[in-house]
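What follows is each chain in one-letter form.
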Amino acid sequence: MAESSPAPPYARFLGHWELDPASCRYEQGDPPASGQYIIREEVGLLVFDMAWTDKAGDAHTASFSGKADGVAVPFEGTDLIDSFVITAESPSELNSSAYLKGEKLMQATRTLIDDETMRIVQTVYLPDGSAPSNRSVYYKRG
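The rules behind each value
Residues numbered from 1 in each chain as written. Predicted model: local features only at pLDDT ≥ 70, side-chain atom pairs only at ≥ 80, totals over all residues. Heavy atoms only, no water. Helix = DSSP H or I, 4+ residues; strand = E, 2+ residues; numbered from the N terminus. Rg over C-alpha atoms; globule rule 2.2 N^0.38 Å. Pairing = 2+ DSSP bridges. Buried < 20%, exposed > 50% of the residue type's maximum accessible area, 1.4 Å probe, protein only. Phe/Tyr/Trp six-rings, centres within 6.5 Å; stacked < 30°, edge-to-face > 60°.

Asker: So what exactly am I meant to see when it comes to the overall build of the chain here?
Answerer: Scanning the chain from terminus to terminus reveals 0 helices and 10 strands. Its helices and strands taken in sequence order, the chain reads β-β-β-β-β-β-β-β-β-β from the N to the C terminus. For 142 residues, the compact-globule formula gives about 14 Å, and the C-alpha radius of gyration of the chain, at 16 Å, lands near that figure. By its C-alpha atoms, the chain is 55 × 35 × 25 Å across when sized along the principal axes.

Asker: Explain the sheet that holds strand 9 (residues 117-124) to me, please; I cannot follow it from the model alone.
Answerer: Where strands meet in a sheet, backbone hydrogen bonds hold them as pairs that are either parallel or antiparallel. The sheet built from 10 strands is open, its strands ordered 4-3-2-1-10-9-8-7-6-5 with antiparallel pairing. For this open sheet the edge positions go to strand 4 (59-66) and strand 5 (73-74), each flanked by a neighbour on one side alone. Pairing analysis gives 8 bridges linking strand 7 (residues 93-100) to strand 8 (residues 103-114), with the strands arranged antiparallel. Paired with Tyr99 across the bridge in strand 8 is Lys104.

Asker: Looking at this structure, I do not really get unusual backbone geometry. What am I missing?
Answerer: Residues apart from glycine generally show negative phi values, whereas peptide bonds are mostly found in trans. Here the phi dihedral of Val43 falls at roughly 45°; this positive angle occurs in a residue that is not glycine. Along the polypeptide, Val43 turns up in the loop between strand 2 (34-42) and strand 3 (45-53). Residues other than glycine seldom take positive phi values, yet Lys101 does so here, at roughly 50°. Given a relative accessible area of 76%, Lys101 falls into the exposed group.

Asker: Just to check I follow, could you spell out the packing of aromatic side chains for this structure?
Answerer: Here a ring pair, both rings aromatic, is described through the centre-centre distance and the interplanar angle of the planes. Summed over the entire model, instances satisfying the criterion amount to 5 aromatic pairs. Ring geometry for Tyr37 against Tyr138: centres 5.4 Å apart, planes inclined by 70°, an arrangement best described as edge-to-face. Taken together, the positions of Tyr37 in strand 2 and Tyr138 in strand 10 (residues 133-141) put the pair 101 residues apart, joining distant regions of the chain. Ring geometry for Phe64 against Phe84: centres 5.7 Å apart, planes inclined by 80°, an arrangement best described as edge-to-face.

Asker: Even after reading the chapter, I still don't get the pairing of strand 3, so can you show me in this structure?
Answerer: Regular strands place their side chains on alternate faces of the sheet. Of the strand pairs in this sheet, strand 2 and strand 3 are connected by 9 bridges, and their pairing is antiparallel. Bridging from a neighbouring strand, Gly35 pairs with Trp52 of strand 3. From the end of strand 2 to the start of strand 3, which pair antiparallel, there are 2 residues, and Val43 there has a positive phi angle of about 45°. Hairpin remark: strand 3 followed by strand 4, antiparallel, with 5 residues in the connecting loop; positive phi at Gly57, about 95°.

Now the structure itself:
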């Protein structure tokens with residue numbers, strides 16, 4: 001009988017998540033009217049696909065991927081950041097951080113409250129030293 005490899009520390013995060021708009025507490029910008037978050041594995045990478053609709057009804061998407069190994073890797077496609085890190089802190093915490101010229105500009109902390117509930121706190125580090133955070137809760141679908 002072949003031994004199965006242990007589940008990666010981020011395994012509980014994999015799946016399709018639906019935003020609870022009433023849970024949003026935003027210190028910067030307007031919270032979305034609706035949103036989805038899909039976290040999946042693809043060829044050794046952790047992939048984050050996000051889709052949301054803003055208050056005006058406009059649809060938006062974003063996606064990024066990388067290894068959840070805590071190692072900074074180059075990020076292309078925007079002048080706002082040049083590298084990012086994904087870290088699986090524990091089976092109930094999965095973080096990502098974005099950097100520009102070695103300075104942390106953003107951190108997203110994903111915490112599993114239970115197997116069906118994920119809280120995301122996204123903090124932006126601004127030049128004036130302030131660090132507003134946006135908080136939201138997602139529920140697992142399917």
